[in-house]
Amino acid sequence: MSTSAEPRVSGLEVRSIDYVPLNERHGKLWHLGPLWFMSNAQIATLAVGLVSITQGGNLIWSLLAIVTGTVIGTFFMAFHSAQGPQLGLPQMIQSRPQFGYVGALLVWLFAYVQYAGFNVFNSSLAADALHTTLHGGVSLWVIVVTVIALVIALVGYDVIHRAERILTYTFLVIFGVFTVGVLVTLHYPPGSFDLGAFKWTPFLAQFGVVAGYQISWAIYVSDYSRYLPPDVTVRKTFYWTYFGSALGGIWLMVLGSLLAAWSGKGFDTITSINAAGDKVFDGFGAVVLLFSALGLVSVTALNMYGGSLTLISAIDSFKRVRPTLAVRLVTLGLTAALSLIGALAATSDFLSNFENFLLLVLYLFIPWTSVNLMDYYVVRRGHYAIAEIFNPNGIYGRWGWHGIIAYLVGFACMIPFFSVGTLYVGPAARALGGADISLFVGLPIAALLYWLLTRSIDVAAETRLAEAEAEALERAAHEHREP
């Protein structure tokens, strides 16, 4: 694949929400595969595969729900990935053309909560794994995990890509052996593979959580493709992201479902992994847990990196931010501190909280991903005046009512179909026996409404403005001025 013609300057990454100029574009397209594979191939993902089993579903239908949920949910996040090389921007700042310079704060708030929430779960789980194998106390390991992840996130884009590639190769060996052991040595309860034992509620609960988990990656993806040269194709960017994420997700979620079916009501993520690993040979469970902790450290770094970008975007809505290393350091430090406090205060009811959190993420980001993709691929077809995204008085306005209205209407239409465990079951979901089909309501409604509301946009005029500003945009970015 194409790379930058100029040599890269090593060291800490300075760029954040600003446009990446063409002379700094670099990397290989296939690097997206290992990055998204390993981002999903960690044991927080394993916990996503437990939902159907814990709600009374059998194993075969749980596995089918995992595969279908992953196939559908990953479709959306992979299309977001293709936006990065074309625009040279991180993901969430791209919401301004749809929601406005200030209006985009709506989705940025939800995104920041997601980053912090996932880090609470990830760092807690990593600390449990390290305490089980190395001892020392969960609180100590939470701090260690947070500090290491902070350093990785601070160095930035290139080291994150490199770390994920190394972890991918190691994962294939360790988890390859572990998976064979799970398939060969474990025994499952009667009826686990009975196709006639279908139940709608656990199937759709599992499907919804899986799809939500995959869609939740949509707010990350351009962050890790924006340095690629713009001549990489949308199709190939989509493929590398899609298959990397889908394979990693399916692998770990299926493992989670298999372990939950084997363990029964006494399932605990760390204990079950340790016990299943030791069935391969004594001590192998500890090896799996130690490597799993490394995977969780890496994804915690991804969340800090994305959280920093989102926080900078939010601050920039009120006061123009000049991208510097100091800005990155402060926002990363704040994001790490919030994650650390949350992890240290987290309750032990991991599974229930994680399931509810994933469902809430699904609900919040279904209408956003629908609006964003409709705008990029159908309304504007990838043509944006990038300099205007950083102009509070620019053509995209301070409030993008087309996007805000489509988002709110799409979300409102989903509410009757929500089914969030004991927290809330909407009337439509109750009529369906607790089954949650809100995904199939919010996506088409938000997309269609946004398309209807934006029929008057003069895309040709925006394209001409982008062409007129292109040279100045490159010059400003090269000199590290705004944007």
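Residues numbered from 1 in each chain as written. Predicted model: local features only at pLDDT ≥ 70, side-chain atom pairs only at ≥ 80, totals over all residues. Heavy atoms only, no water.

A. Local environment of the overall build of the protein chain. Counting its secondary structure elements, the protein chain contains 20 helices and 2 strands. Relative to its length of 483 residues, the protein chain is compact, with a C-alpha radius of gyration of 22 Å against a globular reference of 23 Å. Its C-alpha atoms give the protein chain principal-axis dimensions of roughly 65 × 50 × 40 Å. Each of the 483 residues in the protein chain was classed as buried or not, and the buried ones make up 58%. Taking as baseline every contact in the protein chain between residues at least 6 positions apart, the subset at least 24 positions apart corresponds to 85%. Looking at the protein chain as shown, the accessible area adds up to about 18,200 Å², and 69% of this sits on carbon and sulfur atoms. Once the 25 positive and 27 negative side-chain charges of the protein chain are each reduced to a mean point, those two points are 3 Å apart. (Helix = DSSP H or I, 4+ residues; strand = E, 2+ residues; numbered from the N terminus. Rg over C-alpha atoms; globule rule 2.2 N^0.38 Å. Buried < 20%, exposed > 50% of the residue type's maximum accessible area, 1.4 Å probe, protein only. Contact = heavy atoms within 4.5 Å. Areas by Shrake-Rupley, 256 points an atom, 1.4 Å probe, with all protein chains shown as cover. Lys, Arg positive; Asp, Glu negative; His and termini not counted. Charge placed at Lys NZ, Arg CZ, Asp CG, Glu CD.)

B. Broad picture of the packing of helix α7 (residues 105-134) against helix α14 (residues 325-345). One way to put it is that α7 packs onto α14 with a least axis distance of 8 Å and a crossing angle of 50°. On the basis of the axis angle, α7 is oblique to α14. By crossing handedness, the relation of α7 to α14 is classed as right-handed. Across the interface between the two elements, Y112, A116, N119, V120, S123 and S124 of α7 pack against L334, T335, L338, S339, G342 and A343 of α14. Class assignment for the residues of the contact of α7 with α14 results in 6 nonpolar, 6 polar and no charged. (Axes fitted to C-alpha atoms, helices over the stretch in contact; angles between N-to-C directions. Parallel < 35°, antiparallel > 145°, perpendicular 65-115°, else oblique. Left-handed = near helix turned anticlockwise from the far one by under 90°. Nonpolar A, V, L, I, M, F, W, Y, C, P; charged D, E, K, R; others polar.)

C. Representation of the packing of aromatic side chains. Counted under the stated rule, the structure contains 41 aromatic pairs. Each ring, one from W61 and one from F198, has its centre 4.6 Å from the other, and the planes form 65°; the classification is edge-to-face. Taken together, the residues W61 in helix α4 (residues 59-81) and F198 in the loop between α9 (157-185) and α10 (200-216) connect sequence positions 137 residues apart. According to the relative accessible area criterion, F198 is partly exposed, its value standing at 30%. On the basis of an interplanar angle of 25° and a centroid distance of 6.3 Å, the ring pair of F110 and Y407 is categorised as stacked. Of this pair, F110 sits in helix α7 while Y407 sits in helix α17 (residues 401-414), placing them 297 residues apart in sequence. Aromatic rings pair up to connect F75, F76, F79, F238, Y239, Y242, F243, Y376, Y377 and Y384 into one cluster. (Phe/Tyr/Trp six-rings, centres within 6.5 Å; stacked < 30°, edge-to-face > 60°.)

D. Molecular detail of α14. Across its 21 residues, α14 extends 30 Å between first and last C-alpha, which sits within 8% of the 30 Å expected from 1.5 Å per residue. Regarding α14, the residues found buried are R328, T331, L332, T335, A336, S339 and A343. Viewed end-on, α14 has its buried residues packed into an arc of 135°, placing them on one side of the element. Counted as exposed and oriented over 90 degrees from the buried face of α14: V330, I341 and A345. Where α14 is buried, its residues touch α7, α8 (138-155) and α13 (284-316). (Expected span 1.5 Å × (residues − 1). Arc of directions from axis to C-beta.)

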